[in-house]
Amino acid sequence: MGKVGLSGAFAGLDLVSNSTSVTFDPSSASLLARSADGSLSKVASTNAGGSILAGCAIGDAYYVAGNFSSIGGTSADNIASYSTSSGSFSALGSGGPNGVVRALYCDTSRKQVWAGGQFSSPGASVAVWDTASSSWSAAPFGGLIGAAAEVLSITPNSSQSSLFFSGSFIASFGNGSVPLNGTNNPNVPFSSGATPFSSSLVPVPLGNASVDAGPSSSDSEFSNVQNIFCPAGADGPGNTWFAADNSKAVITVRKFAFLTARGLRLGNTFLNGRGTTGFSVATIPDNAVQELQYFDPTDNQNKTCTDPCPLLTDSSVPYQDFLFDSDKDITGFQLTLSEWQGAGPGLHLLQLLSSGASASAVNSQNGQSCFAPGPSTTSRTGDWQEKVADTSIPGTTQTVLVSTVDVGTPSDQAPSFTWMPYVSASGQYDVNLLVPGCTNFQDCALRTTVKVTVFPGGGQQPWVTPVSQQNTQDTSTLIYSGPVVPSSPSFQMTVTLTLADDPAGSGQNGKYELVADRVQLVLTSPNITSSTNFSSSGNSTAATESGFGFLEWPLSSSSTTSASNVLPTSAITALDSVGFHFLNALGGAVSVASTSSAPSISAVAQHPSGNLFLGGQFSLSSGSASGASNIVMVKNGALATLPDDGLNGPVTSLVVDGDNVYVGGSFSDTAKSSNGDLRGIAVYSVTGNSWSALAAGVDGAVTSLDVSGDQILVAGNFTTILTASGSSEGQNAAGFAAWNTSSGAWVNSGGFLIGSMTFVGNGTSSTPQFVAGNVATSLRFGASGFVMLQNGPNGQPSVTPLGVQFDSPASENTTTTAKTRRSHHRRSTTGWIPYLNVLSVFKRQTPSTTTNLAPLPSPAPAPAPAVLTGAFWTNSSSLKELVIIGGNFSYTAPGGVQAQNVAVYDDSSKAITPLRGNQPNGTVRSLLVQGDSLYVGGDFTVAGIEGSGFAIYDLANQQWDSAGLQPLQGGSGSSSSSGVTVRSITASPTNDDVVIVAGSFAQAGSTPCRAICSLDTTNKQWSALGNGIQGDVAAVVYTGNKELVAGGSIALADNTQTNVALYSLSNGTWSAVGNSGDLPGPVTAVEVNDGDANSIFAAGRSSDASSPFLYYWDGKSWQSVGEGLQGSTDVAQLIMVPLQNTHEGNSIIQSDRVLMVSGSISDSSFGNASSVLFDGQSFTPYVVSASESGSPGTVAALFHSLASFSFTQRHFLATGVVILISIAIAAGIVFLLALIEILWTLFARRDDKVNSYDAADLDADDDSAHRPSSLLEHINAATRSTILGSPFGPNAEKEAGLAAAGAGGATAAAAAHDDPFSGPDASNYLRAETPSDALHGGMGPEEQSRPAYARYSFDGHGEGELPLKAGQELEILDDRDDAWWYARDVRSGQEGVVPASYVY
């Protein structure tokens, strides 16, 4: 059969095996194996309610993990191994993880499996399975706790030398030598309304600030708001401020310089029953009312508020601390007291809390903070001068100190500047150096780099950081992150700045300029404990440095200490600082204390450049990546934001492919809403530093990503691949999809499934990938309506799915112009035989109003996208064999070209190419390729082409080639709602230049040929087949004797109903196959067994459409062979296919073949199938398919590249049968000659009664008066009206009138002038195809004839003439005239006269 294609309306397909049918329970999790070609097969399912979240492989063992109690019928808690060689599951010993496992990593060199998740045993959140000892153990670092105490991913670094653990946890490092405070800051009066964190924040000195408060009380002892910034005594006169009675009050504080603040401290007044109960805070200069976070001591809950925020009136709570959600760079604030009790609002304490502590280079700005023993101080060496510049905020200035130094000066001889900030409490701090931009100070040419040394105290080594001061805009540079001990008489933290050892830049006029502005300490944690709850009962006793959500662990490390307590600082790697920075950027440990809403890092990926990408659910509020949302990059050891601050939803998975990082999650855009196509999945270009979309994303969450060759595999809870911006429409892909990185397009993932998938990952050598999730339906192969079939190993068929995804076609938007056919009125030619009722002598194609044909059954459901037909084409230029497919679909071709309904597919490259030009609007149902010509049939239109249902495309020149082709036309008798539907286009077996077109139509141009017509491809001329048929044709096949077999809802020209009819191409006659009524109803599919006309199969539905049938013709009668087919069965195609292994032969089908029955098949023995094999006795399911929704799909056609093929067995007629047929032919010839003689005599006798006629009445193209005077001329003239169409039309009443009128009937004379083309569909223009058909009413015995060939081409435009093409094979039926011979075209059966000199 050559190459074989299988098309239909399906999204998934599988070949039925003898094994038990595969079923799925969506309430459980299923594990699927994905082969190299992408096909899917079920491995096992978990218990109901289970989930599979991770997997990895060691050898042929695949480890799966999640949350389950059994898998594949094997009891296993949360993790199990699957042997790909034996196909069995095993539990992993005892003592494994006692909770959900979310991440796995297989260390193939050490034969260990690392598991991460949310469990407490055998280790906290991390456990290790050793395959050699078959035992579980805790991780070498013990485990990870804190925050949500959950590990979400375990990823190796790019060199596979260490593991990255990420999730929601705290990893702590320290040396245990520095005692820390265990309660609130002892240097600050205690209040239950504060926390260890907030009480450690040094208040900003407000003594030199501009303050406006009002309306104030008229009582002078309570009217000075300055008294409450740092009250000298208890709540009372001189230490408390009252607002005017019964009035809302506003307190505005401005510093006129930027400072970093974290919140406010408010102490209520309790005098005379008055006090503030509600307030709000707006920051300056943005004037934004802030959301505040606070601890409520009444119920020990952390809470938030905006407007109003509550202030307690309990005197046992002297003050409450209200914090911003992150550090704020402000120049002031406005406090509105909007609610009160008693006579009015008031306050005893008002303080602006810093981010931790700070120190300015300008001593006048280092005021003494409340509760501090002294202010922050500075010292310097060398000459330093004040320098002032305006800022971007009107009315504010910026003052710094600068010092110049000669270029080339050693750093130890250069000027230096030292800050000694006051630190109120010990804790974890980020220390930042603020460097003013050189643009405002107009000193960019002088700037260089400096060296900054931090002494944090506590016996720790100093931190030295080079800092560039060549920035044009203000920047904040992290110079230290770690523990800092509080200031004391014996110690003060110091930060020293001097010239760098290798300063950058060339300076200006031989000078560099050093700039000293401010040092800022940002508190990230006051007391790090393992649980990180920061309550007032915190009990940490050691100085630690902690990181959030990230830990790097070298696989070679021998440490066995516990990260759930404190790891030694010697265990810190270079990348562990990522966790430190992350914790600081999140706002410190208090921001991650909640286990229910804690942020998380769900995925980590390292780019070959060394850059690290972290994705999850978080929002960074400070540091170098401040503003980053859900994804961040680590570059040169520091956090860095991605374009547009990341993404606006959680990130769940990351994979790196070359220069690109693919990101999956639950997002729909960037954080700044710059690209709405980043739905569920996005790609970040590392070198381009830009986001790109994968088409328009998917319509749900992506849970897992994997790289497989040039494909990115995507799993998640989505149903559609979105193809257009802002649209919810696209390609169905329920839970699993594949993106081709080479073509930049979504492609067929190889398999078919419908589900909510949770995991996809690389597998073993025999199974490249595994996919898991809650599966509703899955089939091995996924394809948009088309697959290629070929013999595979061990005799098993190999299936290659279509390599692209199809969509439903776009709505028809191409306007086609309806062309009006010009009426052509021929002159009457009744002068030849004016009174003879020719219809009573010459049977011809005449629809009878008494012939009631059942309509063709509706085709099997074929929801778009569907491929309904196909044909193979060998490209004449490249000699590559390609597949052309047609149906009801659309697709995006390379270059973004939108195309539909026809496509050229290269199976070797998986590339698809559209037809150039206008696309068919409608459904394509049949295709035929002849050379470089593509014949397209169906019910469609093409803009610019007249008519519908049929068109020709020139594949070589890539353009539609329908010029000169008269369109098919529908009629009132057509069963198609569109009027024209072409269901079959086949090549004539007798002539390469003729194709047979069949379906539902009334005529082709001006040629009446109902339901089936032949087309001469050389001149695009239509011809009827014999005397034609009535009804509709569904399918056409051929016998080995070059006979055409048509199936449908058919009646012959004489009204004989036969839903299977046979047409002899050799003699141009139609005959019924069997008797009328033998078949229960219209036929939808027909097939001839190896060309044997005595072995025909027909399938269809009963006339009342209630039941399907399959019948077999044995040459004598029809017999039913379709017992068992259920009512929902719809048969679209029957085709004989060869077998590699034979079955037991029988009287119906030989042993080396079977009948393949395709469509939508339902049988009581096996259920539903799309194709079944019939061996003459029983049905065997062969192909099952499913639509995009999971409902049963349909197979429309199997087609092959070889135009014809034969089975090994040949069947010949017995000699006796041949003799009988010869006798019948001879008798028929004698009868024909006798009848011709009778007719001639009849015409001759009536010749004297013929009315005279005027030769001028003849059309210019009517050459009948110039025919030779012979017997042939008389026959031709007598049948002329029959050949062209009776002037009386086919109407029964006209025929009756003519018969009654007799020779002199006036009615006949009047009717003779009727226009034979009248009527919109030319339904009265019907003819017998040949004179022999007209004479014998379709009996068609063979006339005596001789073969001949056309010497020259002859256009044959005259009436009764037969067109010729040079070299055309003919049969000469009558050569008695010297000038004109009567001949038949052996390929089409058409007859007519030809010039004798043109034939040899």
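Computed from a predicted structure; not experimentally measured. (Residues numbered from 1 in each chain as written. Predicted model: local features only at pLDDT ≥ 70, side-chain atom pairs only at ≥ 80, totals over all residues. Heavy atoms only, no water.)

Outline the overall build of the chain, listing residues and values.
Counting its regular elements, the chain contains nine helices and 91 strands. Out of the 1400 residues belonging to the chain, those deemed buried represent 58%. Partitioning the intrachain contacts of the chain with sequence separation of at least 6 by distance along the chain shows that 61% fall at a separation of at least 24. When the accessible surface of the chain is summed, it comes to about 53,500 Å², and 48% of that surface belongs to carbon and sulfur atoms. (Helix = DSSP H or I, 4+ residues; strand = E, 2+ residues; numbered from the N terminus. Buried < 20%, exposed > 50% of the residue type's maximum accessible area, 1.4 Å probe, protein only. Contact = heavy atoms within 4.5 Å. Areas by Shrake-Rupley, 256 points an atom, 1.4 Å probe, with all protein chains shown as cover.)

So, the state of the cysteines: which residues are in play, and what are the values?
Considering all chains together, one arrives at five disulfides under this definition. Across the disulfide, cysteine 305 is cross-linked to cysteine 309 (sulfur-sulfur distance 2.0 Å). Its S-S torsion of about 105 degrees marks the bond between cysteine 305 and cysteine 309 as right-handed, since a negative value means left-handed. According to the relative accessible area criterion, cysteine 309 is buried, its value standing at 1%. Covalently, cysteine 438 is tied to cysteine 444 through a disulfide, its sulfur atoms 1.9 Å apart. Across the S-S bond of cysteine 438 and cysteine 444 the torsion is about 85 degrees, and the bridge reads as right-handed. For cysteine 444, a relative accessible area of 36% puts it in the partly exposed group. Within the chain, bonded cysteines paired by disulfides and numbered along the sequence follow the pattern 1-2, 3-6, 4-5, 7-8, 9-10. (Disulfide = S-S within 2.5 Å.)

Can you break down the packing of aromatic side chains residue by residue, with the values?
A complete count under the given rule lists 36 aromatic pairs for this structure. When the ring of tyrosine 82 is compared with that of phenylalanine 89, the centres are 4.8 Å apart and the planes differ by 35 degrees; the resulting orientation is tilted. Accessibility classification places tyrosine 82 together with phenylalanine 89 in one group, the buried group. Ring geometry for phenylalanine 141 against phenylalanine 165: centres 5.2 Å apart, planes inclined by 80 degrees, an arrangement best described as edge-to-face. Residue phenylalanine 141 is found in the loop between β14 (135–138) and β15 (145–156), and its partner phenylalanine 165 is found in strand β16 (residues 162–174); the two are separated by 24 residues along the sequence. Residue classification places phenylalanine 141 among the buried positions, given a relative accessible area of 0%. The exposure class assigned to phenylalanine 165 is buried, which follows from its relative accessible area of 0%. (Phe/Tyr/Trp six-rings, centres within 6.5 Å; stacked < 30°, edge-to-face > 60°.)

Now, about the nonpolar core: what can you tell me, with residues and values included?
Looking at soluble globular proteins, one finds that nonpolar side chains tend to be buried together. Formed by 38 residues in total, the largest nonpolar core has its most connected members in Trp419, Leu433, Val495 and Leu521. Considering each element in turn, this core owes the most residues, four residues, to strand β32 (residues 427–435). (Core = buried A, V, L, I, M, F, W, Y, C linked by side-chain atoms within 4.5 Å.)

Describe the pattern of salt bridges, naming the residues involved and giving the relevant values.
Two side chains bearing opposite charge may form a pair once their charged atoms approach each other closely. Per the counting criterion, the structure on display carries 29 salt bridges. Ionic pairing is found between glutamate 881 and lysine 3, a salt bridge with its closest N-O pair at 3.8 Å. Highlighted residues: glutamate 881 in strand β61 (residues 881–893) and lysine 3 in the segment before β1 (4–9), separated in sequence by 878 residues. Measuring nitrogen to oxygen at the nearest pair gives 3.2 Å for the salt bridge that ties aspartate 443 to arginine 447. The residues aspartate 443 and arginine 447 share a single accessibility class, namely buried. By sharing partners, the salt bridges in this structure join Lys387, Asp443, Arg447 and Glu513 into a single network. (Salt bridge = Lys/Arg side-chain N within 4 Å of Asp/Glu carboxyl O.)

So what's going on with the pairing of strand β13 (residues 126–130)? Residues and values would help.
Counting buried positions along β13 gives five out of five residues, so the element sits mostly inside the fold. Burial along β13 is two-sided: the residues Val126, Val128 and Asp130 and Ala127 and Trp129 are all buried. Here five bridges tie strand β12 (residues 112–118) to β13, and the two strands are oriented antiparallel to one another. Looking at the pairing, glutamine 112 lines up with aspartate 130 of β13. Here four bridges tie β13 to β14, and the two strands are oriented antiparallel to one another. Paired with alanine 127 across the bridge in β14 is alanine 138. Hairpin remark: β13 followed by β14, antiparallel, with four residues in the connecting loop; positive phi at serine 134, about 50 degrees. (Pairing = 2+ DSSP bridges.)

I'd like a description of the sheet that holds strand β70 (residues 994–1000), backed by residues and values.
Read from one edge of the open sheet, four strands run β69-β70-β73-β74, paired in antiparallel fashion. The open sheet has two free edges, formed respectively by β69 (981–987) and β74 (1021–1024), since each of these has just one partner strand. Here the strands of the sheet are splayed against their neighbours by 30 degrees on average, with no regard to which way each runs. Two strands pair when backbone bridges link them, and β70 and strand β73 (residues 1012–1016) are joined in this way by five bridges, in the antiparallel orientation. (Axes fitted to C-alpha atoms, helices over the stretch in contact; angles between N-to-C directions.)

Outline the sheet that holds strand β63 (residues 911–913), supporting the account with residue identities and numerical values.
Overall, antiparallel pairing links the four strands, which are arranged β60-β61-β62-β63 in an open sheet. Edge positions in the open sheet fall to β60 (866–874) and β63, since each of these has one partner strand only. Strand after strand, the sheet turns through a mean of 35 degrees between neighbouring axes, direction not considered. Pairing between β61 and strand β62 (residues 897–906): eight bridges, direction antiparallel. Residue pairing across strands places glycine 886 opposite valine 902, the latter belonging to β62.

How would you sum up the pairing of β73? Please name residues and give values.
The buried fraction of β73 is high, at five of five residues. Here β73 shows two buried faces, one formed by Ile1012, Ser1014 and Asp1016 and the other by Cys1013 and Leu1015. Bridge analysis of β73 against β74 gives four bridges, and the strand direction is antiparallel. Residue pairing for β74: cysteine 1013 is matched across the bridge by alanine 1024. From the end of β73 to the start of β74, which pair antiparallel, there are four residues, and lysine 1020 there has a positive phi angle of about 55 degrees.

Now, about the environment of alanine 911: what can you tell me, with residues and values included?
Counting through the fold element by element, alanine 911 comes out in strand β63. Under the relative-accessibility criterion, alanine 911 is labelled partly exposed at 32%. Residues alanine 911 and valine 804, spaced 107 residues apart in sequence, show a C-alpha to C-alpha distance of 7.7 Å. Not counting chain neighbours up to four residues away, the residues in contact with alanine 911 comprise Val904, Tyr905 and Asp906.

How would you sum up the environment of alanine 500? Please name residues and give values.
For alanine 500, the location among the structural elements is in the loop between β36 (494–499) and β37 (511–516). Taking relative accessible area as the criterion, alanine 500 reaches 8% and is therefore assigned buried. C-alpha of alanine 500 to C-alpha of valine 452: the two residues are 48 residues apart in sequence and 8.3 Å apart in space. Ignoring sequence-local partners within four residues, the contact set of alanine 500 consists of Ser411, Thr449, Val450 and Lys451.

For empty space enclosed by the protein, give the residues involved together with the corresponding values.
Tallied over the full model, the rule gives ten cavities of 30 Å³ or more. Its volume calculated, the largest cavity comes out at about 200 Å³. Looking at the lining of the largest cavity, its residues break down into nine nonpolar, seven polar and one charged. (1 Å grid on protein atoms, 1.4 Å probe; cavity = no way out; pocket = protein on both sides within 12 Å on 5 of 7 lines; lining within 4 Å. Points joined across faces, edges and corners; volume = space filled by probe spheres on them. Nonpolar A, V, L, I, M, F, W, Y, C, P; charged D, E, K, R; others polar.)

Can you lay out unusual backbone geometry for me, pointing to particular residues and giving the numbers?
The phi torsion of most residues other than glycine is negative, and most of the peptide bonds are trans. The residue after isoleucine 284, namely proline 285, is reached through a cis peptide bond having omega 20 degrees. Counting through the fold element by element, proline 285 comes out in the loop between β20 (275–284) and β21 (288–289). Of note in the backbone geometry, asparagine 630 takes a positive phi value of approximately 70 degrees without being a glycine. Of note, asparagine 630 is situated in strand β43 (residues 629–635). For asparagine 630, a relative accessible area of 8% corresponds to the buried category.

Distances and angles like these do not, on their own, reveal function.
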